[in-house]
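# Structural characterization, general
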Amino acid sequence: MDENQTIDHDRIMKINIEEEMKSSYIDYSMSVIVSRALPDVRDGFKPVHRRILYGMLGLGNTSDKPYKKCARVVGEVLGKYHPHGDSSVYGALVRMGQEWNMRYKLVDGQGNFGSVDGDSPAAMRYTECRLSKMGEHIMDDIDKDTVDMVNNFDDTLTEPAVMPTRVPNLLVNGGNGIAVGMATNIPTHNLGEVIDGCCAFIDNPEIDTEGLMQYIPAPDFPTGAYIYGIQGVKDAYETGRGRVVMRAKAEIESDESHDRIVVTEIPYGVNKQQLIEYIAELVKEGKIEGISNVNDETGRQGMRIVVDVKRDANARVILNKLFKMTALQSSFSVNNIALIPNKSNHAQLRPKLLSLRECISYFIDHRHEVTIRRTKFDLRKAQERAHILKGLIIACDNIDEVVHIIRGSKTPAEAQANLEKRFELDNLQSKAIVDMRLSQLTGLRMDQLHAEYEDLMKLIDELQSVLDDPEKCKEVMKTELQAVKAKYGDERRTRIILDEHEFNAEDFYPNDPVVITVSHLGYIKRTPLSDFREQARGGVGSKGAHTRDKDFTEYIYPATMHQTMMFFTKKGRCYWLHCYDIPEGDKTSKGRAIQNLLNIDPDDSVNAFLRLRGRGFEDEEFVNSHYVVFATKNGTVKKTNLKEYSRPRANGVIAINIVEGDEVVDVRLTNGNNELILANRNGRAVRFDEQAIRSMGRVSTGVRGMRIDDEGDAVVGMIVVNNAETETVMVVSEEGYGKRSDVADYRKTNRGGKGVKTMSITEKTGRLVAIKNVTDENDLMIINKSGIVIRLAVAEVRVMGRATQGVRLINLARKNDTIASVCKVMSSELAAAEEEEKQEAESDGAQVDLSDNASEASSESRDADSSAGDDEILDFEK
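Residues numbered from 1 in each chain as written. Predicted model: local features only at pLDDT ≥ 70, side-chain atom pairs only at ≥ 80, totals over all residues. Heavy atoms only, no water.

### Some details on the packing of aromatic side chains
Any aromatic ring pair is given by two values, namely how distant the centres are and how the planes are angled relative to each other. Taken as a whole and assessed by the stated rule, the structure comprises seven aromatic pairs. Ring geometry for Tyr268 versus Phe332: centroids 6.1 Å apart, planes at 35 degrees, classification tilted. Here Tyr268 is found in the loop between β11 (259–265) and α10 (272–284), whereas its partner Phe332 is found in strand β14 (residues 329–335), with 64 residues between them in sequence. Comparing Tyr268 with Phe332 shows no difference in burial state: the two are buried. On the numbers, 5.4 Å between centres and 85 degrees between planes, the contact of Phe568 with Phe630 is edge-to-face. Of this pair, Phe568 sits in strand β22 (residues 564–569) while Phe630 sits in strand β26 (residues 627–632), placing them 62 residues apart in sequence. In terms of burial, Phe568 and Phe630 fall into one category: buried. Cluster of aromatic residues (ring-pair linked, three or more members): Phe221, Tyr268 and Phe332. One residue, Arg247, lies across the ring of Phe323, its end atom 3.8 Å from the ring centre. (Phe/Tyr/Trp six-rings, centres within 6.5 Å; stacked < 30°, edge-to-face > 60°. Helix = DSSP H or I, 4+ residues; strand = E, 2+ residues; numbered from the N terminus. Buried < 20%, exposed > 50% of the residue type's maximum accessible area, 1.4 Å probe, protein only. Lys NZ or Arg CZ within 6 Å of the ring centre and 35° of its normal.)

Here it is in C-alpha cells:
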C-alpha cells in the first residue's frame, strides 16, 4: 500500500453476515411475492397483466380500433410500467389471448398465438392484438377515482394499484404462479355461476361454502371435459386446497370392421401432442395392448383424437386403461393463494390461503369500495355542473341586466366581480356567465339548461341515496354484475359427475382369471392363466420366471382380476390387495418385491393367501358365515370369523399370535362345517372336523391340530374337504412323485393326533412338500426351484392307496433340483385357443391379440364359480 493512501475507517460498517442475508432474502422474497408472482384477490391480476391492460388502454388499443403489433404494446409496457424482460411481458400478453388457457379472453389476438399442442407463439413482431370487450370492462370507471394510482418505476407516470373490475376475474380466469416459499394454482370458473354466487353473498353475507356451491358447483375449464367427484372441489372451496379430478370426453364409435375411441375434449392443461405421443409409446412398449393406431384429426370442427382398437379387443377396457395410464385423466391441484389488502392500508398486501367464500368476500368488498368512490366522484361532478347551471339559469332569467352589467364593465374580471355582487354568485358561476356564448340566449338553449339542471338534481338525489342507503348500494352492485353476466355469460363447458356416478377401479380391467406368483425372495406378479399351457404327465415343463441367483418361484395362487387377495405372513399379520393392484408380468418376468406393495417388516415374509369372490367384504352374509383357519409349522390351528378381517389397514393387522420358533404355513377359508386334513413332511396326515376348533379372536394363538415329534418335521399344508365323494387327496413329494387317494382312506380322528400315513416316503421320493384336494377337472401346476413350470391334468394321475409312494409327475432335469411349489387350477381347452391365435397372426401379419385367450379364460372362470356349495371359493387355492 502506498504511504499516501489511507483507509477511511469512518466509512466502513461492520455488519453481521447472517442478519444481512436474512434481511436481504426476506426483502427479495416479499418483492417476488407482492410484485411479481401472486395475483391480487380483488382483480385477479399480477402486476404484469395489470400493466399490459392499462398500457393497451393508454394506446387506445381497444376492441373498436384496428389491431396493433404486439411489439408496440410490449414496448409501451416495458418503457412505462414494467422494467423487466420483454419475453415475460409478451408471454403474459399471449396467455391472455389463448382460449385454451383463459376461460374468457382479455386480449383479442391476431396471428399465431400458439396452440393446445404446445406450439410456441410467433415472435411479437409478427402478431397483433387489441383489448377484448371483457378486457375493457376490467377497466370500467378507472378515470373516476375508483382505485388508487401509484407512481411507476421512475416516478414519471402513474399506474393503477388495482383494477376497478366488474368481473370477478380471480375465480373466472384463475391463475398460477410460483413465488418464494409458496405457489398458487387457481382454477377457472363459469362467469354466470360466479356472478350468481356473488349476488347471493351480497344478499346474505353469512352464506357458507355449501350455500355458495348451490351457485358455483365446481370449476369450469376452457377445454371442457369432465370433473369426476365433488369431494376434492368441496375441500378446495372450504380450505383453499384440494384435488379436482378431470377426465377427457371420450366416446366409442363402432363400425363393421372395428371400434374406435374418439376423444373430443381433454383435461385442462394437457398438451394434446404430448398426450398422443405418450399413448403411442405405451402401445409400442406393450404396456397397453389392443390399439392399432392413434391419429389426430383435429380441424375446424374441433378437437378429435382417434384411437383405433383392434378387432377382438375390448374398447371399454382399453379406454379405462388409457384413463389410468395417461393424461386423459389428470388432476388439478387447487392452491388458492392470493394477495389480500391490509384493512388499515390497502397499499400493503400480504399472501393468504383463501376459501371460496373469502375470494368472493374480498371481491365484493372491492366492488363496494369502487362503487362508493365512483358514486362520490359522479356526485361531485354532478354538483359542480349543477352549480354552474344554477348560475347560468340566473343569468338567463335576468339576461338584460346581465348584458348591461357586462357592457358597463371595463374588464372581464370587473364584470365577474359585478355579477357576483349583484346576483350573489361565486367565481365559477360568474366566469361561466362571462364565457357564455350568445347562442345560449336562444329560447331553445334556455329550455335545455332548465331540463339539464332538473336531471342533474334527480341524479344528485339518486347518487346521494346510494351513499346514504347501504341496501341501495347493494342493488347497484348486483345490477352491474348481472349486466356483465347478461353480456358475457355462457353455458358451462365442464360437466360434473357426482360421487354416486364415479368410475369404479374395477372398470379398468376385465374379470379374467390370473395366476399370482410369489418367489422365494418375495417377488410378486400376476400372469394371465392362459399363458400356461397343458403338458402330458412326465414332461420337462416350460421355462418359468427369470429370477435372481438363489431365488425361485415358491407360491402360485390362481384368482380373478376383480377379487380381493388377503396376504398372511409367517409372523401372523394380514394385509389386503386387489388383484388388479398387483403388477402384471409374463411367465419369464421377475415381478415386484412385495415390500414395495405392502408395509411388511423386513424380517417377515408372505407365505399364505386367500382370495375373496364377488363383492368380498361388502357381502355381509358371506363374511359372517365364513371363517379363516390357520395352520402353523409346529401343528397349531386356529379359527377366526372372516368379519374380524373386514377392515383393511395400510400397516396390516394381527391375524394370529405366533409363538417363538413357529410360523404360519397355510390359511384356508371355511363355512364352519368343513373337514380339515393336515399333512407333515414325514408323509403323515390327520383328518378331523372343523367344529373341533372353537372360534377365537384375531390375536389368539390357537390349539394343537397335529402332533409334531421329529425335530426336522413340520406341517406342509392343510386342505378343506368340500365333498368327500368327488374329491381326492393329492400329495406331491420334493423329488417329483405324487399320487391321489380317496378322502375315505383317511379315517377321522380328533385334532392333535399324529395322523395316518398319506405317502410312503423313501429316498427316491423325498419328503412331502404339498397336499391338495383335487378332482378330475383340476390341473396341477408344478414349479421346481430351478424355475421350470409344468402344467398337467389331474385326471392323468390314477387314484391309489394312501400308503403307496405314487408315480413320477415331473422329470427333474437338473441335479439336486427339487419341487418348490404345487398349485391346482381348473382345466381348460387352451390348445384350441393357441392354434386359433397362431392362425390369426399368420393371416394378419400383425401383433397377436390375446382377447381370445381372455375369453377362454373367462369361460374357465365361470365354470369354476358355478361349482355347488358354500365353499366354491376353494376351487382356486394354494
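### Quick notes on helix α14 (residues 412–423)
The terminal C-alpha atoms of α14, which comprises 12 residues, lie 16 Å apart, in line with the 16 Å expected from a rise of 1.5 Å per residue. Buried residues of α14: Ala415, Gln416, Leu419 and Phe423, and no others. Along α14, the residues classed as buried sweep out an arc of 100 degrees about the axis, all on the same side. Turned more than 90 degrees from where α14 packs its buried face, Ala413 and Lys421 sit exposed. In this structure, the buried residues of α14 make contact with α12 (356–397), α13 (399–407) and α15 (427–435). Downstream of α14 by one or two residues, Glu424 has phi in the positive range, about 55 degrees. (Expected span 1.5 Å × (residues − 1). Arc of directions from axis to C-beta. Contact = heavy atoms within 4.5 Å.)

### What about the pairing of strand β25 (residues 606–612)?
By the criterion of burial, β25 is predominantly enclosed, with seven of the seven residues buried. Pairing analysis gives six bridges linking β22 to β25, with the strands arranged antiparallel. In the sheet register, Phe567 faces β25, and the bridge partner there is Phe609. (Pairing = 2+ DSSP bridges.)

### Some remarks on a negative patch on the surface
Together, Asp208, Glu210, Asp235 and Glu238 make up a region of like negative charge exposed at the surface. Tracing the chain through its elements places Asp208 in the loop between α7 (191–203) and α8 (209–212). Among the residues examined, Asp208 registers a relative accessible area of 44% and is labelled partly exposed. (Patch = residues over 30% accessible without salt bridge, like charges linked within 9 Å, V, L, I, M, F, W, Y side chains within 5 Å. Areas by Shrake-Rupley, 256 points an atom, 1.4 Å probe, with all protein chains shown as cover. Salt bridge = Lys/Arg side-chain N within 4 Å of Asp/Glu carboxyl O. Lys, Arg positive; Asp, Glu negative; His and termini not counted. Charge placed at Lys NZ, Arg CZ, Asp CG, Glu CD.)

### Some remarks on the pattern of salt bridges
Two side chains bearing opposite charge may form a pair once their charged atoms approach each other closely. Counted under the stated rule, the structure contains 44 salt bridges. In this structure, Asp308 engages Arg260 in a salt bridge whose closest nitrogen and oxygen atoms are separated by 3.8 Å. Of the two residues, Asp308 sits in strand β13 (residues 305–309) while Arg260 sits in strand β11, which places them 48 residues apart along the sequence. Of the two residues examined, Asp308 and Arg260, each falls in the buried class. With a closest N to O distance of 3.2 Å, Asp603 and Lys571 form a salt bridge. Of this pair, Asp603 sits in the loop between β24 (592–593) and β25 while Lys571 sits in the loop between β22 and β23 (573–578), placing them 32 residues apart in sequence. By relative accessible area, Asp603 is classed as exposed at 51%.

### Comments concerning the UniProt feature "active site" (unreviewed entry) in the protein
The UniProt feature table records "active site" (unreviewed entry) at Tyr126. Within the secondary structure, Tyr126 is located in the loop between β2 (107–110) and β3 (128–131). Judged by relative accessible area, which is 53%, Tyr126 ranks as exposed. (UniProt positions renumbered as here; feature names shortened; annotations may be inferred.)

### Digging into the packing of α7 against helix α17 (residues 470–488)
Where α7 contacts α17, the axes come no closer than 9 Å and their chain directions differ by 170 degrees. In terms of axis orientation, α7 runs roughly antiparallel to α17. Residues Leu191, Gly192, Ile195, Asp196, Cys198, Cys199, Ile202 and Asp203 of α7 form the contact with α17, whose participating residues are Lys474, Met477, Lys478, Leu481, Gln482, Val484, Lys485 and Tyr488. Taken together, the residues that form the contact of α7 with α17 break down as nine nonpolar, two polar and five charged. (Axes fitted to C-alpha atoms, helices over the stretch in contact; angles between N-to-C directions. Parallel < 35°, antiparallel > 145°, perpendicular 65-115°, else oblique. Nonpolar A, V, L, I, M, F, W, Y, C, P; charged D, E, K, R; others polar.)

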